[in-house]
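Now for the letters of each chain:
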Amino acid sequence: MNALFLAAAEEPQPPLIPHLDELVIGLIAFVIVFGFLAKKLLPNINKVLDERREAIEGGIEKAESAQIEAQSVLEQYKAQLAEARHEAARLRQEAQEQGAAIIQEMKAEGQRQREEIIAAGHAQIEADRKAAASALRQDVGKLATDLAGKLVGESLEDVARQGRTIDRFLDELEEKAEAAR
């Protein structure tokens, strides 16, 4: 072997190709370091990676379950919102119907009160007309009696005769007035 080393030492070695003894020592050192890393460090690395993978998978499962739960809550809220909108629409409709009914009742009450006022006004007018006609009849009768007494030259004090004369005179006037219409 010495001869081999001597022959190798005599030839110039290219700088990129390592010596054989360096190559063997580097290979042995690599196997020792690789074995040490495989025995001690690799199980710890695999253990940490497994824990991380389990944590990530658990997180994904939790996220999926949270997403499913959020989706169900969203559906519940949408259903409640739709129900609330339906209830609000129903209440609006009822309020409009009640408002229309109240307006109709108020119109009917107003119409009834108007008719009562008109009827009371007509009754008052009729009573006033009768009172005025009665007062007018008395005044016209008194004036006619006074005038007739002056024409005749004697007093017409007899109340019964005076009433009959006045009534006859006024009845004739009313007949003429109705005939003229």
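A few points on the structure. Note that the structure is a prediction, hence the values are computed from the model and not measured.

Rules of the game
- Residues numbered from 1 in each chain as written.
- Predicted model: local features only at pLDDT ≥ 70, side-chain atom pairs only at ≥ 80, totals over all residues.
- Heavy atoms only, no water.
- Helix = DSSP H or I, 4+ residues; strand = E, 2+ residues; numbered from the N terminus.
- Buried < 20%, exposed > 50% of the residue type's maximum accessible area, 1.4 Å probe, protein only.
- Areas by Shrake-Rupley, 256 points an atom, 1.4 Å probe, with all protein chains shown as cover.
- Salt bridge = Lys/Arg side-chain N within 4 Å of Asp/Glu carboxyl O.
- Patch = residues over 30% accessible without salt bridge, like charges linked within 9 Å, V, L, I, M, F, W, Y side chains within 5 Å.
- Lys, Arg positive; Asp, Glu negative; His and termini not counted.
- Charge placed at Lys NZ, Arg CZ, Asp CG, Glu CD.

The helix and strand tally for the protein stands at three helices and zero strands. Taken from the N to the C terminus, the helices and strands of the protein come in the order α-α-α. Considering the protein as a whole, with its 181 residues, one finds that 3% of them fall into the buried category. A total accessible area of about 16,300 Å² is found for the protein, and carbon and sulfur atoms account for 62% of it.

Counting across every chain of the model gives six salt bridges. One salt bridge connects Arg 90 with Glu 87, and the closest N-O pair in it is separated by 2.2 Å. Placement of both Arg 90 and Glu 87 in helix H2 (residues 20-152) is noted, with a separation of three residues, approximately one turn of the helix. Judged by its relative accessible area of 34%, Arg 90 falls in the partly exposed class. With a relative accessible area of 33%, Glu 87 lands in the partly exposed category. Glu 116 is the salt-bridge partner of Arg 112, the closest N and O atoms lying 2.2 Å from each other. Remark: Glu 116 and Arg 112 occur in helix H2; sequence separation between them is four residues, near one turn of the helix. Salt bridges sharing common partners tie together Glu 87, Arg 90 and Glu 94.

For the rest of this paragraph, the subject is a negative patch on the surface. Together, Glu 51, Glu 54, Glu 57, Glu 61 and Glu 64 line one region of the surface with negative charge. Looking at where Glu 64 falls in the secondary structure, it is placed in helix H2. The exposure class assigned to Glu 64 is partly exposed, which follows from its relative accessible area of 45%.

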